[in-house]
Amino acid sequence: MKNKKKSPQNPTITVNRKARYDYHLHDRYEAGIVLLGTEVKAIRNGQFNLTDSYAQITDGEVFLIDAFIGLYDQGNRMNHEAKRPRKLLLHRNEIRKLTRSVQSKGMTLVPTRAYFSGSKVKLELAVAQGKRVYDKRDKIEREHANREIRAYT
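Being a predicted model, the structure only gives us computed values, none of them experimental.

Reading the values: the criteria
Within each chain, residues carry numbers counting from 1 in the order of the written sequence. Where totals are concerned, whole chains, interfaces and linings use all residues; where local detail is concerned, this predicted model gives features only for residues with pLDDT of at least 70, and gives and counts side-chain atom pairs only at 80 or more. Water and hydrogen atoms were dropped before computing side-chain values, which therefore reflect all heavy atoms in the structure. Helix and strand definitions follow DSSP, with helices as H or I runs of at least four residues and strands as E runs of at least two, each counted in order from the N terminus. The classification of residues rests on relative accessible area computed with a 1.4 Å probe and restricted to protein chains. Under 20% of the type maximum is buried, over 50% is exposed, and intermediate values are partly exposed. In what follows, residue pairs with any heavy atoms lying within 4.5 Å of each other are defined as contacts. All accessible areas in this document rest on Shrake-Rupley with a 1.4 Å probe, and a residue is counted as covered only by the protein chains that are shown. We score Asp and Glu as negative and Lys and Arg as positive, and we do not count His or the chain ends. Lysine's charge is taken at NZ, arginine's at CZ, aspartate's at CG and glutamate's at CD. Here, a salt bridge means any side-chain nitrogen of Lys or Arg that lies within 4 Å of a carboxyl oxygen of Asp or Glu. The span expected for a helix works out to 1.5 Å for each residue beyond the first. Working note: the arc is built from the helix axis to C-beta atom directions. Residues adjacent in sequence count toward polar contacts only when both atoms are side-chain atoms; beyond that, a polar contact is any pair of N or O atoms within 3.5 Å, and within protein one must be able to donate a hydrogen and the other to accept it. When DSSP finds two or more bridges between two strands, those strands count as paired.

> Help me understand the overall build of the chain in this model?
Counting its secondary structure elements, the chain contains 4 helices and 9 strands. Start at the N end of the chain and walk to the C end: the helices and strands fall as β-α-β-α-β-β-β-β-β-α-β-β-α. Each principal axis of the C-alpha atoms in the chain carries an extent, and together these give about 55 × 50 × 35 Å. Burial analysis of the chain (153 residues in total) assigns 33% to the buried set. Contacts spanning at least 24 positions in sequence make up 67% of the contacts within the chain whose residues lie at least 6 apart. For the chain, the accessible area works out to roughly 10800 Å², and carbon and sulfur atoms hold 48% of it. Averaging the positions of the 31 positive and the 17 negative side-chain charges in the chain gives two centres separated by 7 Å.

In structure tokens form, the structure reads like this:
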């Protein structure tokens, strides 16, 4: 019997590092994405970017806005639009919870990472609250001080 190498459980496609810098992240949800064939192939080639993207709830449905999926090189006239709104798949009760969370002041839905679950593309959504400028400065100063402490220890 041959030893097969196991692939990682959920190989990450992309991470939205800017979300952790700009927002205080609270609850997280897993959502599926409705994609076209050329979009999935482009994602497998690594052409997926979540920076500056967000999710929006309209008419009881959740949509991913401003996520960039590059054009597939071998796609012909049937290729997709790079920044079209994409529907996210969530359970009805999760959408209700998200709607209540977002209606409170200053909260928004931010995608934090995308990954493969089997052959499906999944997205991790976080309910987030925007950080103030002084919060960001404090965090940077704390990280810098911790780095210096570790360097001298």
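> What am I meant to see in the pattern of salt bridges here?
If charged atoms from side chains of opposite charge come close, those side chains can pair. The final tally for this structure, using the stated rule, is 6 salt bridges. A salt bridge links Glu-39 to Arg-84; the shortest N-O distance between them is 2.9 Å. Residue Glu-39 is located in helix α2 (residues 37-44), and its partner Arg-84 is located in the loop between β6 (68-69) and β7 (86-89); the two are separated by 45 residues in the primary sequence. Among the charged side chains, a salt-bridge network with shared partners connects Arg-28, Arg-113 and Glu-124.

> Just checking my understanding: could you explain helix α3 (residues 92-103) for this structure?
Count 3.6 residues to each turn of an α-helix, and residues three or four apart come out pointing the same way. If you check α3, its first and last C-alpha atoms are 17 Å apart, about what 12 residues at 1.5 Å a residue would give, namely 16 Å. All of the buried residues along α3 are Glu-94, Ile-95, Leu-98 and Ser-101. Relative to the axis of α3, the buried residues are bounded by an arc of 125 degrees and lie together on one face. Summarising the geometry of α3, the exposed residues directed more than 90 degrees from the buried face are Arg-92, Arg-100 and Gln-103. The inward-facing, buried residues of α3 contact β2 (23-33), β4 (54-58), β5 (61-65), β8 (107-117) and β9 (120-130).

> Mind showing me how you'd approach α2 here?
Three or more residues of α2 are buried, namely Thr-38, Glu-39, Ala-42 and Ile-43. Along the axis of α2, the buried positions cluster into a sector of 140 degrees, meaning they face one direction only. At its buried positions, α2 is contacted by β1 (12-15), β3 (48-49), β6, β7, β8 and β9.

> How should I be thinking about the environment of Asp-52 in this particular structure?
You can see Asp-52 is positioned in the loop between β3 and β4. On a C-alpha basis, the gap between Asp-52 and Lys-18 in space is 7.9 Å, while along the polypeptide they are 34 residues apart. If near-sequence neighbours (up to four positions away) are discounted, Asp-52 is found in contact with Lys-18 and Asp-66. Reaching out from Asp-52, the side chain makes a polar contact with the side chain of Lys-18 at a distance of 3.0 Å.

> Looking at this model, I keep getting lost on the environment of Glu-148. Mind explaining?
Following the sequence through the fold, Glu-148 ends up in helix α4 (residues 133-152). A relative accessible area of 39% places Glu-148 in the partly exposed class. Between the C-alpha atoms of Glu-148 and Ile-95, which are 53 residues apart in sequence, the distance is 44 Å.

> Even after reading the chapter, I still don't get the pairing of β8, so can you show me in this structure?
Working note: regular strand, side chains alternate between the two faces of the sheet. Counting buried residues along β8, 8 of its 11 residues qualify, which places the element largely inside the surrounding structure. Bridge analysis of β1 against β8 gives 3 bridges, and the strand direction is antiparallel. Bridge pairing in β8 places Thr-12 opposite Tyr-115. Sheet topology places β8 next to β9; 10 bridges connect them, and they run antiparallel. Residue pairing for β9: Val-110 is matched across the bridge by Ala-126. Adjacent in sequence and paired antiparallel, β8 and β9 are bridged by 2 residues, among which Gly-118 carries a positive phi angle near 70 degrees.

Keep in mind that these numbers describe shape and distance, not what the molecule does.
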